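# Structural description and commentary
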Number of protein chains: 2
Amino acid sequence: MTQDTAGFMPPYRLLMGAGPSNVHPRVLQAMASSLVGHLDPNFLAVMDDVRSLLRYVFRTENPVTLPISGTGTAGMEAAMVNIIEPGDTFVVAINGYFGQRLGEIAERSGANVIAVEHEMGKAVDAERVREALAGAGKVKAVGVVHAETSTGAATSIKEIADVAHEAGALLVVDAVTSLGGVELHVDEWGVDVCYSCTQKCIGAPPGLAPLTLSPRAVETLQSRTTKVRSFYLDLTELSSYWDRRAYHHTAPISMIYALREALRLIAEEGVEARWERHIRNGESLRAGLHAMGLNVVADPEVQLPSLTAVHAPEEIDEAQARRYLLDRHNIELSGGLGALAGKAWRIGLMGHNSTGPNVLTVLGALEEAIGEQGYETQAGAGVAAAQRVLRGID
Amino acid sequence: MTQDTAGFMPPYRLLMGAGPSNVHPRVLQAMASSLVGHLDPNFLAVMDDVRSLLRYVFRTENPVTLPISGTGTAGMEAAMVNIIEPGDTFVVAINGYFGQRLGEIAERSGANVIAVEHEMGKAVDAERVREALAGAGKVKAVGVVHAETSTGAATSIKEIADVAHEAGALLVVDAVTSLGGVELHVDEWGVDVCYSCTQKCIGAPPGLAPLTLSPRAVETLQSRTTKVRSFYLDLTELSSYWDRRAYHHTAPISMIYALREALRLIAEEGVEARWERHIRNGESLRAGLHAMGLNVVADPEVQLPSLTAVHAPEEIDEAQARRYLLDRHNIELSGGLGALAGKAWRIGLMGHNSTGPNVLTVLGALEEAIGEQGYETQAGAGVAAAQRVLRGID
């Protein structure tokens, strides 16, 4: 033995950042189940459960609904590389870091990318997308982020779907920070390609990217004249594994066990009840932040329930405050991303972690952390304001 | 709740096929550990351990050594999409299903692919690769599968590395069915890009693809004139996450916990001792198969220790025999792949599962399964022959 690494004892963290979030013990337990083969009849039944449960959570009847064997970014890439053929035009609405990334990945997939830039913290404006489409010639697809993880802003999808379809384009929606926690209706809204991740509102560990394709998107795949540039993410090949069990790659068995259990927990709660829970706890958090004199990044009317970005007061070193929370209280918040790096915190209330007690914990601990740097709030004001919302008084 | 899926109780299977193989309980336990954030100082230390342990197992000092967040096929694709720029020539030696796949993925990555076809079950012949290179003009890289999972044939890598380097090309090696169980020396042999998976000889669940790049391969990446077509698999971006902790994607935390524990088990055993163990058990298995009158696919002198492909006797329905083993005894074997589909079994003795008792179990059960179909062997002859090898008598 040439290595000297110690036995494994990770600390317990309360994960209140942008993900991963903590998962229910049943999910960890499922993941530790003994392995079966990826073509085992028992595993094929697990795959069927996962597809059916994913359709429930996506609110869709799409036959092609499956988890990609990679994280959310792999889902984004799978969407782009399958829909885009080199030279296709792709219109992407950008209102934060992940819209930017979607454009970048479309470009690498060979698209001619037209970016419709929005201010950070605002929702995407369907009118501006319509204008861009009007001058763009033939457009293959429009891309938009439902829940922008970098700012906490939600965008209304239905109108953008209509705008895209009027122009004969598909609509691609990034639901990384919404699926399973924020209202989303793939079929009713007319979304053609929707992808997400497992470690946020779904409540499983990171490692898979649920994805669904409308019949119109499937037709687009079938009428491609060039091969998909990625074999690993080729959705035609992947569908044939999920439908007809044709070997494509060895599915990440344990992760799929975990996803199945996380989805079962969603079905037991009911997805609508889950959306309500996320709304209530998000409102409570923001009431508390407001009472502490802190300013939220997103416009209030488009604020996401699952993730809140909040400006750090100027005199505060935001990284030092996060480090304090981690070292003293084992609480993780995320820092700002992109233009907000070093200037904001991102607080997640996602999946299993979206609870009233967690709201109070994070507010109390944040008050302490910024108090340590001399930013004094009225003691307990944040917690008290949050409690009033949780108790239905405000 | 609209779903009615039952609680999760997967059967216990003895996984003696082409992977996944069973994992040590410590690995399952690590995977069920509570999550930390992907930028948590505690997780960064875990990442450092994984890289250092991977270098130990790959037998390399390569700084760029990391697990890709996808299965073995993602590792193959990462190798190709980073090394190849559109129009580059790639020479691939094909002696089975996975060499074929490597060529397919190179083509999708934009390569002009020259295939050097070999008979199934034979090793790749360095001389034939040299001839192909002589007539090929400027070649960017040569690709070869170290351990062909479809046939059980091993190829000597050192000579092919020399041939590639003489021609000014990089050598890409698929070590999916060898890493951690079959002798492999990335640095000593001069391998430039080597990738593998976690679910075979490494002894972790499927979901990650360990990969290492020589300094020469890193230079090739740095001198690219086009962007890597995949953002998710862009090794320059990935290295900057693994080196400098710049956010790229959310690492699959639990899978990396599992990989760390599996690699620690390898280090505790010692990788050379592990190679020896795989050789002894593989020999024992084949002595047993031989005594049962069954014929192995690969040439004896190039037979892999970790995986044995064996022809099913003509009168036997191989799928029925596998189903019998699964239903009666919870033992999984794999069927043939590609040209061997329906005609062969593949028996894995990989990682944690490469044990003497498992050899005896699989031989005894296989004797019973083919006996059920009327193929009679001398009772217990397979087990007895295997035992003699295990006890050092033969």
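Residues numbered from 1 in each chain as written. Chains lettered and ligands numbered in written order. Predicted model: local features only at pLDDT ≥ 70, side-chain atom pairs only at ≥ 80, totals over all residues. Heavy atoms only, no water.

## Re the overall build of chain A
Within chain A, the secondary structure is distributed over 14 helices and 14 strands. For chain A, buried positions account for 67% of its 394 residues. Sequence-distant contacts, at least 24 apart, represent 72% of the contacts inside chain A between residues at least 6 apart. A total of about 13100 Å² of accessible surface is found on chain A, and carbon and sulfur atoms cover 48% of it. Between the mean site of the 33 positive side-chain charges and the mean site of the 47 negative ones, chain A shows a separation of 4 Å. (Helix = DSSP H or I, 4+ residues; strand = E, 2+ residues; numbered from the N terminus. Buried < 20%, exposed > 50% of the residue type's maximum accessible area, 1.4 Å probe, protein only. Contact = heavy atoms within 4.5 Å. Areas by Shrake-Rupley, 256 points an atom, 1.4 Å probe, with all protein chains shown as cover. Lys, Arg positive; Asp, Glu negative; His and termini not counted. Charge placed at Lys NZ, Arg CZ, Asp CG, Glu CD.)

## Some points on the pattern of salt bridges
In the structure shown here, the tally under the stated rule is 46 salt bridges over all chains. In this structure, the salt-bridge partner of R108 of chain A is E237 of chain B, at a minimum N-O distance of 3.4 Å. Here R108 of chain A, found in helix α4 (residues 97-108), pairs with E237 of chain B, found in helix α9 (residues 235-244), and the two come from separate chains. Notably, a salt bridge pairs R26 of chain B with E261 of chain B, separated by 2.8 Å at the nearest N-O pair. Note that R26 of chain B is positioned in helix α1 (residues 25-31) and E261 of chain B in helix α10 (residues 253-269), a separation of 235 residues in sequence. On the basis of relative accessible area, E261 of chain B is assigned to the buried category, the value being 5%. (Salt bridge = Lys/Arg side-chain N within 4 Å of Asp/Glu carboxyl O.)

## Structural notes on helix α5 (residues 126-134) of chain B
Residues and elements named next belong to chain B. Residues of α5 that are buried include every one of A126, V129, A132 and L133, and no others. Take α5 and look down its axis: the buried residues cluster within an arc of 120°, on one side only. Residues of α5 that are exposed and point over 90 degrees away from its buried face: E131 and A134. The opening residue of α5 is D125, an N-cap whose side-chain oxygen sits 2.9 Å from the backbone nitrogen of E127. (Arc of directions from axis to C-beta. Polar contact = N/O pair within 3.5 Å; in protein donor to acceptor, adjacent residues only side chain to side chain.)

## Quick notes on the nonpolar core
Of all hydrophobic cores here, the largest spans 203 residues; its most connected members are F43, I68 and F90 of chain A together with F43 and I68 of chain B. Setting aside chain neighbours within four positions, we find F43 of chain A in contact with V36, G37, H38, Y241, A251, I253, I256 and Y257 of chain A. Counting residues in each nonpolar core, the second largest holds 27 residues, with M16, L285, V359 and Y375 of chain A among its members. (Core = buried A, V, L, I, M, F, W, Y, C linked by side-chain atoms within 4.5 Å.)

## Concerning the relation of the copies chain B and chain A
With an RMSD of 0.0 Å, chain B superimposes on chain A once it is rotated by 180° and translated 0.0 Å along the axis. With respect to symmetry, the two chain copies, as superposed, fit the operation of a two-fold axis. Comparing interface residues between copies, 100% of those in chain B also sit at the interface in chain A, which points to an isologous, same-surface contact. (Least-squares fit on C-alpha atoms with pLDDT ≥ 70 in both.)

## Description of the packing of aromatic side chains
By the definition in use, this model includes ten aromatic pairs over all chains. Pairing F98 of chain A with Y247 of chain B gives two aromatic rings, centres 6.2 Å apart and planes at 70°, and the pair type is edge-to-face. Residue F98 of chain A is located in helix α4, and its partner Y247 of chain B is located in the loop between α9 and α10; the two belong to separate chains. F98 of chain A sits in the buried class, given a relative accessible area of 10%. Here Y247 of chain B falls in the partly exposed class, since its relative accessible area comes to 23%. (Phe/Tyr/Trp six-rings, centres within 6.5 Å; stacked < 30°, edge-to-face > 60°.)

## Details of the interface of chain B and chain A
Between chain B and chain A, the contact holds 80 residues from the first and 80 residues from the second. For the chain B and chain A pair, buried surface summed over both sides reaches about 6500 Å², with 59% attributable to carbon and sulfur atoms. Its largest share of buried area at the contact with chain A, chain B owes to F8, L35 and R108 of chain B, together 12% of the area lost on that side. For the pair chain B and chain A, the interface holds eight salt bridges. Here R108 of chain B and D234 of chain A are joined by a salt bridge, their closest N and O atoms 2.7 Å apart. In this assembly, chain B and chain A are joined by 22 residue pairs in polar contact (both at pLDDT 80 or more). When residues of the side of chain B that touches chain A are traced back to their parent elements, those giving at least two are α1, α2 (41-58), α3 (72-83), α4 (97-108), α10 and α12 (318-329) of chain B. The element contributing the most residues to the side of chain B that touches chain A is α10 of chain B, with nine residues. Of the residues contributing to the side of chain B that touches chain A, the split by class is 37 nonpolar, 25 polar and 18 charged. (Buried area = accessible area lost by both parts, 1.4 Å probe. Nonpolar A, V, L, I, M, F, W, Y, C, P; charged D, E, K, R; others polar.)

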